[in-house]
Amino acid sequence: TIMCYDRYVAICKPLHYGTLLGSRACAHMAAAAWATGFLYSLLHTANTFSLPLCQGNALGQFFCEIPHILKLSCSHSGYLRELGLIGVTVCLAFGCFIFIVFYVQIFRAVLRIPSQQGRHKAFSTCLPHLAVLSLFVSTATFSDLKPPSNSSPSLDLVVAVLYMVVPPALNPLIYSLRNQELKDALRKMMTGCFSRATTCLFSSAQRSLCNPLLAQPAF
């Protein structure tokens, strides 16, 4: 939601960007995102830790996903509490989606840009974020709403990786690699690593060629 607002201000109100998204506003929005994420995790963790498990404690996942924990629980009240938390989460997420509708305004503003190069640059800053957001929302919704009868361990693992691992891994690439200074630093680092690796391989090859000559007896 914050990134959507950032793109909206950058494209639709570029002259007010420094005012609307100054360092203080960015700090407040980052703190709000971290606080809501921490509160969300704390509520779910407190509820799932209070559930009695009647079918063992082994999960076919690489982390404690809530639907899998509920399968092992024999507490009907805990299940209802978790459904209530999910309902509150859905309401909060719906409020976030209202702000994501800003993308409609963004696309309208982009289509009014006269130059094709300007439109391409604006779309290239929005579409990657929208693609990652769509991947996260679709896979997370599928994971939480799919019927248990259609569940398989391999499918659950793939879906969990898609919404827990892939979006956080892609976010730094999407948001950081557009910085020219970061691109130059990354290119310099990769060039240095490649040159060091080439030097190391060349030195190893030279030593392997010299060792047989040194091992020959002198006449």
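Cut-off values and rules
- Residues numbered from 1 in each chain as written.
- Predicted model: local features only at pLDDT ≥ 70, side-chain atom pairs only at ≥ 80, totals over all residues.
- Heavy atoms only, no water.
- Helix = DSSP H or I, 4+ residues; strand = E, 2+ residues; numbered from the N terminus.
- Buried < 20%, exposed > 50% of the residue type's maximum accessible area, 1.4 Å probe, protein only.
- Contact = heavy atoms within 4.5 Å.
- UniProt positions renumbered as here; feature names shortened; annotations may be inferred.
- Axes fitted to C-alpha atoms, helices over the stretch in contact; angles between N-to-C directions.
- Parallel < 35°, antiparallel > 145°, perpendicular 65-115°, else oblique.
- Left-handed = near helix turned anticlockwise from the far one by under 90°.
- Nonpolar A, V, L, I, M, F, W, Y, C, P; charged D, E, K, R; others polar.
- Patch = residues over 30% accessible without salt bridge, like charges linked within 9 Å, V, L, I, M, F, W, Y side chains within 5 Å.
- Areas by Shrake-Rupley, 256 points an atom, 1.4 Å probe, with all protein chains shown as cover.
- Salt bridge = Lys/Arg side-chain N within 4 Å of Asp/Glu carboxyl O.
- Core = buried A, V, L, I, M, F, W, Y, C linked by side-chain atoms within 4.5 Å.

1. Things to note about the overall build of the protein
Turning to step 1, where the next piece is worked out: Assigned secondary structure in the protein consists of 10 helices and zero strands.
Turning to step 2, where the next piece is worked out: Each helix and strand of the protein, ordered N terminal to C terminal, gives the series α-α-α-α-α-α-α-α-α-α.
Turning to step 3, where the next piece is worked out: Across the 219 residues that make up the protein, the buried fraction comes to 20%.
Turning to step 4, where the next piece is worked out: Counting only contacts in the protein whose residues sit at least 6 apart along the sequence, the fraction spanning at least 24 positions is 59%.

2. So, the side chain of R7
Turning to step 1, where the next piece is worked out: Relative to the helices and strands, R7 is located in helix α1 (residues 2-12).
Turning to step 2, where the next piece is worked out: Here R7 falls in the buried class, since its relative accessible area comes to 18%.
Turning to step 3, where the next piece is worked out: Excluding residues within four positions of it along the chain, R7 makes contact with Y103, I106, T125 and C126.

3. Comments concerning the UniProt feature "transmembrane region" (unreviewed entry) in the protein
Turning to step 1, where the next piece is worked out: UniProt records the feature "transmembrane region" (unreviewed entry) for residues 21-43, 85-110, 122-142 and 157-177 in the present numbering.
Turning to step 2, where the next piece is worked out: The span residues 122-142 is 100% helical and 0% strand by assignment, and the distance between its end C-alpha atoms comes to 31 Å.

4. Some points on the packing of α1 against helix α6 (residues 102-111)
Turning to step 1, where the next piece is worked out: Packing of α1 against α6 leaves a shortest axis separation of 9 Å and a crossing angle of 25 degrees. By the angle between their directions, the pair α1 and α6 is classed as roughly parallel. The hand of the α1/α6 crossing is left-handed. Judged by residue contacts, C4, Y5, R7, Y8, I11 and C12 of α1 engage F102, Y103, Q105, I106, A109 and V110 from α6.
Turning to step 2, where the next piece is worked out: Its residues placed into classes, the contact of α1 with α6 shows 10 nonpolar, one polar and one charged.

5. With respect to a nonpolar patch on the surface
Turning to step 1, where the next piece is worked out: Taken together, the side chains of Y79, L80, L83, I86 and V90 define a hydrophobic patch exposed on the protein surface, amounting to about 420 Å² of accessible area.
Turning to step 2, where the next piece is worked out: Within the secondary structure, L83 sits in helix α5 (residues 76-100).
Turning to step 3, where the next piece is worked out: Residue L83 is classed as partly exposed on the basis of its relative accessible area of 41%.

6. Regarding the environment of V104
Turning to step 1, where the next piece is worked out: Here V104 lies in helix α6.
Turning to step 2, where the next piece is worked out: Here V104 falls in the partly exposed class, since its relative accessible area comes to 47%.
Turning to step 3, where the next piece is worked out: Considering only alpha carbons, one finds V104 and Y8, 96 residues apart in sequence, at a separation of 9.5 Å.

7. Structural notes on the environment of F136
Turning to step 1, where the next piece is worked out: With respect to the helices, strands and loops of the structure, F136 is situated in helix α7 (residues 116-145).
Turning to step 2, where the next piece is worked out: In the structure, F136 is positioned 31 residues away from P167 in sequence and 6.6 Å away in space, judged by C-alpha atoms.
Turning to step 3, where the next piece is worked out: Apart from the residues lying within four places of it in its own chain, the contact partners of F136 are Y163 and P167.

8. Observations regarding the nonpolar core
Turning to step 1, where the next piece is worked out: Counting 13 residues, the largest nonpolar core has I11, Y103, I106, V110 and C126 as the members making the most contacts within it.
Turning to step 2, where the next piece is worked out: Where this core is concerned, the elements lending two or more residues are α1, α6 and α7.
Turning to step 3, where the next piece is worked out: For I106, the contacting residues outside a window of four places in its chain are C4, R7, Y8, I11, C12 and C126.

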